[in-house]
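# Examining the three-dimensional arrangement
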Amino acid sequence: MKLILAGATGQIGRMLLRDLAGERDASHELIMLTRATKSLPAETRLPGVRVITWDARSLGPWADEIDGADAVINLAGRSVNCRHTKTNLAEMLSSRVESTRVIGEAIARAKQPPRVWLQMSTATIYAHRFDAPNDDMTGILGGSEPDAPRYWDKSIEIARAWEETLFASPTPRTRKVALRAAMVMSPDRSGVFDTLARLAQRGLGGAHGSGRQYVSWIHEYDFVAAIRFLLAHEELSGPVNLSSPEPLTNHAFQQILRHALLAPFGLRSPEWLLKIGAFFLRTDVELLLKSRRVIPRRLLEAGFRFRYPDWPSAAIALASRRAVSK
């Protein structure tokens, strides 16, 4: 099997690369597309992984590798963990749309195109809501919710444009899947779980804002397993939610996190305080305050089984691994 992985230098890309490279044998070929071969993180320099440069915008020699590949996984896109300024939002949009567009062009011109293209998307595409979960068959896409700040619409517009670029690509011989991923939890340093854990251990592990908003998440083991499942299951195409089947309120999420970390108390962070903290940390409160209540209906109906379907078991496992790695 020949697999192309683009966008492997971020947290999600590194965990996926570790897994794919760890199970690679002589019959498997793994190629990583990156914009900066000289400044690759050490954890991405793995034996047997071939590294090829691309600019994520235009066709080049890298596109020849698409021809004859079995699968393409594209995770490329500017991190959302930043201030949502006009400049940063424009970079989020262009990095996602351009990389998706040019991969589509490479697949379209291939004589032997890949059988499957897994394209990163986001669960943020769904509406901010409390009344019911959003699954990947009947979920309500977001935009103009009356109880959400209007600037949150920009994230949804980016997500829609990302997926529209994928499905508009003229690649009839390639199965396409949009990975509507929730927050991926791993013990890796500076990841989502590590950041929340450090705050909780400093007494700041209480609810964020009202605490009523839902948190959707997925353990790294299940994320990687779902990717393998999607590569193998040819009946699955279109949008697929990558999230645990048991989202929970932010209040419950933080309470369980504190228990897993043996943190004795956690101060609640009101919205005004979160905004001040987000400003100094150069991030945005949308990441904490938007209610993401997402259910992986298509994965479950296809027979996928989660190792960590609930947050208590996942939080304890992650806290234990984080403690060992420190």
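Our subject is the structure that appears above.
Described in the following lines is the structure provided in the data block. Computed from a prediction, not measured in an experiment: that's the story for all the values here.

One recurring pattern in soluble globular proteins is that nonpolar side chains are buried together. Grouped together as the largest cluster of nonpolar side chains are 36 residues, with contacts concentrated most on L118, F223, I227, L230, L242 and L299. Contributing elements (two or more residues each) for this core: β1 (2-6), α1 (11-22), β2 (29-34), β4 (71-74), β5 (116-120), β6 (175-181), α5 (220-232) and β10 (238-242). Sorting elements by how many residues they give to this core places α5 first, with seven residues. What I227 contacts, discounting residues up to four positions off in sequence, is L16, I73, L118, L179 and L242.

What follows covers helix α4 (residues 192-201). Within α4, the full set of buried residues consists of F193, D194, L196, A197 and A200. Here the buried residues of α4 occupy an arc of 165° about the axis, which is enough to place them on one side. Those residues of α4 that are buried lie in contact with β7 (183-185), α6 (250-261) and α10 (311-325). Immediately downstream of α4, the backbone of G203 shows phi near 85°, a positive value.

The next thing to look at is the environment of G211. In this fold, G211 is placed in the loop between α4 and β8 (214-215). For G211, a relative accessible area of 4% corresponds to the buried category. Considered as a pair, G211 and S269 are 58 residues apart in the sequence and their alpha carbons are 9.3 Å apart. Other than its neighbours up to four places away in sequence, G211 contacts T249, N250 and H251.

Right, let's talk about α6 for a bit. Taking 1.5 Å per residue, twelve residues should reach 16 Å; α6 reaches 16 Å between its end C-alpha atoms and fits that length. Of all the residues in α6, the buried ones are N250, F253, Q254, L257, R258, A260 and L261. Along α6, the residues classed as buried sweep out an arc of 160° about the axis, all on the same side. Where α6 terminates, the next one or two residues include L262, which has phi positive at roughly 60°.

Our focus in this paragraph is a nonpolar patch on the surface. Together, W272, L273, I276, F279 and F280 make up a nonpolar patch on the protein surface, roughly 570 Å² of accessible area in all. Tracing the sequence through the fold places L273 in helix α7 (residues 271-281). Judged by its relative accessible area of 37%, L273 is partly exposed.

Once that is clear, we can look at the packing of aromatic side chains. In total, this model carries six aromatic pairs according to the counting rule given. Ring plane angle 90° and centroid distance 4.9 Å describe the contact between F304 and F306, whose orientation is recorded as edge-to-face. Chaining the aromatic ring pairs together yields one cluster made of F193, W217, F253 and W311. Across from the ring centre of W162, 4.7 Å away, lies the NZ or CZ of R96, which sits over that ring. The ring of F130 is capped by R212, whose NZ or CZ atom sits 4.2 Å from the centre of that ring.

The rules behind these values
- Residues numbered from 1 in each chain as written.
- Predicted model: local features only at pLDDT ≥ 70, side-chain atom pairs only at ≥ 80, totals over all residues.
- Heavy atoms only, no water.
- Core = buried A, V, L, I, M, F, W, Y, C linked by side-chain atoms within 4.5 Å.
- Buried < 20%, exposed > 50% of the residue type's maximum accessible area, 1.4 Å probe, protein only.
- Helix = DSSP H or I, 4+ residues; strand = E, 2+ residues; numbered from the N terminus.
- Contact = heavy atoms within 4.5 Å.
- Arc of directions from axis to C-beta.
- Expected span 1.5 Å × (residues − 1).
- Patch = residues over 30% accessible without salt bridge, like charges linked within 9 Å, V, L, I, M, F, W, Y side chains within 5 Å.
- Areas by Shrake-Rupley, 256 points an atom, 1.4 Å probe, with all protein chains shown as cover.
- Salt bridge = Lys/Arg side-chain N within 4 Å of Asp/Glu carboxyl O.
- Phe/Tyr/Trp six-rings, centres within 6.5 Å; stacked < 30°, edge-to-face > 60°.
- Lys NZ or Arg CZ within 6 Å of the ring centre and 35° of its normal.

Don't take any of this as a statement about function, it's just geometry.
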